[in-house]
Amino acid sequence: MTAGDAYAPQSGDLSYDVVSYDLEIDYRVRTNRLEGRAVVNAIAARTTSTVTLDLVGLRASRIRLDGTSSVSFRQGPRALQIGLPRRLEAGEEFSLEVVYAGAPAPRRSRWGSIGWEELADGALVANQPTGAPTWFPCNDRPDDRARYRMRITTDRDYVAVATGTRVEDRVAGRRRVAEYVSDVPTATYLAAVQIGRYARTELPSAGPLPVELWAPPALRAPAVAAFDKVAAMGVVFEDAFGAYPQPQYTIVVTADELEIPLESQGMAVFGANHLDADSERLVAHELAHQWFGNSVGIESWRDIWLNEGFACYAEWIWSEATGDASAEACAEAHHARLRAEPQDLVLGDPGADLMFDDRVYKRGALTLHALRLTLGDERFFALLREWVARYRHALATTDDFRALAVAAEPSAGELLRRWVDRPALPRLPRARSRR
Ligand SMILES: [Zn+2]
């Protein structure tokens, strides 16, 4: 067992990589009771005789290795320490089946309450960054992406909407069973299940993007209106970033108000309070994560600007495409705001406490705008499309982006050093076209 990410050292185990999660979850809404069975198929990354699975707030009752022998384990507050009856060699495949149950609840973290959360009438999953272990045993590292099969049984008046492609949804007596399969490599923080009294609406997809909306019937009309631009956003973003990289886009609207919307793999969840015109930028932001964060994935949390800065810049691209404020106007306004903030944040390594600080988002977007001004539109968008294509459903780092940018324009190296590696806020370069 070895600790994972530098920003979340108590999560994850580097001694193995998960290939797939096979989850069977039975959830009763009224009593908030979850019974689960998880099969974790994995490959040892090094010789090891103990492995750790993160699990928080739920109790494991049995663990079996390779479908046969029960193994001994110790459950701590954050994880299962599993002693294996034999030593695994690097490259060896193994599977762990965990039977577990309990009353799922969010975990408290330096980033607030995260994970499985009861709604007024249903349940929500908001994992990022380390909430996944509140509902399934996992190797909770951003760089360990796996396939998923999730079979969720809940009360018949509710529907479970999960990440992946729905392959089954049927009522059986007083329960409703839904199954979702995802072959897209998905990080634990991007796996999700949303449970509520939701009805399904197919949104018009003018572009290539099939969009499915799940909302409480009472919110159907305002939700359809709020997301009627998603197809057009898909067209603008495909033009800017390349083909939409997921097999579907699923939008869930909760009856509850939510602090923020949140992306997961091929999905985003919004609150009842996010259906107004002011939230249009958030709709663009969450959609953009399907390229940045969900397809191009970060290897470690320190590189979070590769998700959030890019998604924020997509908001400005959408604003510009609709004839609202140009990206240049957005950049100048946010640059002025950031100048008034403390300049003590290093974009490429903001520290765990500041990884979701708004300055990471805005300075990340400004960094892209500075690159755009330096490269000109044609070379800048070619760079973004190359980034998306080269790291499609793969992991990337800030240095990977740096290498690609420098290959396009040697002076991008110094530009990124100033914007990404140093705390002082640089001035925006003068636009190429104005020279
Ligand atoms: Zn975001």
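On to the side chain of Arg-359. Structurally, Arg-359 can be placed in helix H6 (residues 358-375). Setting aside residues no more than four positions away along its own chain, Arg-359 makes contact with Leu-338, Glu-341, Pro-342, Asp-344, Leu-345, Leu-354 and Gly-364.

On to the packing of helix H2 (residues 230-241) against helix H7 (residues 377-390), then. Where H2 contacts H7, the two axes come as close as 7 Å, and the packing angle between them is 95°. As the angle between them shows, H2 and H7 are arranged roughly perpendicular. Across the interface between the two elements, Asp-239, Ala-240 and Phe-241 from H2 touch Phe-381, Leu-384, Arg-385 and Val-388 from H7. Across the contact of H2 with H7, the residue classes tally to five nonpolar, no polar and two charged.

Attention now goes to the coordination of the zinc ion. His-285 (NE2), His-289 (NE2) and Glu-308 (OE) make up the full set of protein donors to the zinc ion, lying at 2.0 to 2.1 Å. One chain supplies every donor to the zinc ion, and in sequence these donors are spaced H-x3-H-x18-E. Residue His-285 is found in helix H3 (residues 280-288), and its partner Glu-308 is found in helix H4 (residues 305-321); the two are separated by 23 residues along the sequence.

Turning next to the nonpolar core. A general tendency of soluble globular proteins is for nonpolar side chains to be buried together. Membership of the largest hydrophobic core comes to 81 residues, with the highest contact counts inside it found for Phe-227, Phe-237, Phe-241, Ile-251, Leu-371, Trp-387 and Phe-401. The element contributing the most residues to this core is H4, with ten residues. A domain split of this core shows at least three residues from each of domain 2 (199-290) and domain 3 (297-421). Apart from residues lying up to four places away in sequence, Phe-227 is in contact with Leu-203, Leu-213, Ile-251, Val-253, Phe-270, Leu-275 and Val-283. Ranked by size, the runner-up nonpolar core spans 60 residues in total, among them Ala-38, Leu-58, Ala-191 and Val-252.

Applying the stated criterion to the full structure yields two cavities of 30 Å³ or more. In this structure, the second largest cavity occupies an estimated 50 Å³ of space. Together, Val-125, Ala-126, Asn-127, Tyr-189, Ala-191, Ala-192, Gln-194, Leu-262, Glu-263, Ser-264, Ala-268 and Val-269 line the second largest cavity. For the lining of the second largest cavity, the secondary-structure elements that each account for two or more residues are strand S11 (122-126), strand S20 (262-264) and strand S21 (267-270). In terms of residue count, the dominant contributor to the lining of the second largest cavity is S20 (three residues). Looking at the lining of the second largest cavity residue by residue, the class counts come to eight nonpolar, three polar and one charged.

Looking now at unusual backbone geometry. Residue Gln-128 is joined to Pro-129 through a cis peptide bond whose omega torsion reads 0°. Within the secondary structure layout, Pro-129 lies in the loop between S11 and strand S12 (145-155). The phi dihedral of Asn-32 falls on the positive side, at around 50°, and the residue is not glycine. Positive phi is not limited to glycine here, since His-393 has a value of about 50°. Here His-393 shows up in the loop between H7 and strand S23 (394-396).

Conventions used here
- Residues numbered from 1 in each chain as written.
- Predicted model: local features only at pLDDT ≥ 70, side-chain atom pairs only at ≥ 80, totals over all residues.
- Heavy atoms only, no water.
- Helix = DSSP H or I, 4+ residues; strand = E, 2+ residues; numbered from the N terminus.
- Contact = heavy atoms within 4.5 Å.
- Axes fitted to C-alpha atoms, helices over the stretch in contact; angles between N-to-C directions.
- Parallel < 35°, antiparallel > 145°, perpendicular 65-115°, else oblique.
- Nonpolar A, V, L, I, M, F, W, Y, C, P; charged D, E, K, R; others polar.
- Donors = N, O, S within 2.8 Å, 3.2 Å for Na, K, Ca; no water.
- Core = buried A, V, L, I, M, F, W, Y, C linked by side-chain atoms within 4.5 Å.
- Buried < 20%, exposed > 50% of the residue type's maximum accessible area, 1.4 Å probe, protein only.
- Domains from an automatic or database assignment.
- 1 Å grid on protein atoms, 1.4 Å probe; cavity = no way out; pocket = protein on both sides within 12 Å on 5 of 7 lines; lining within 4 Å.
- Points joined across faces, edges and corners; volume = space filled by probe spheres on them.

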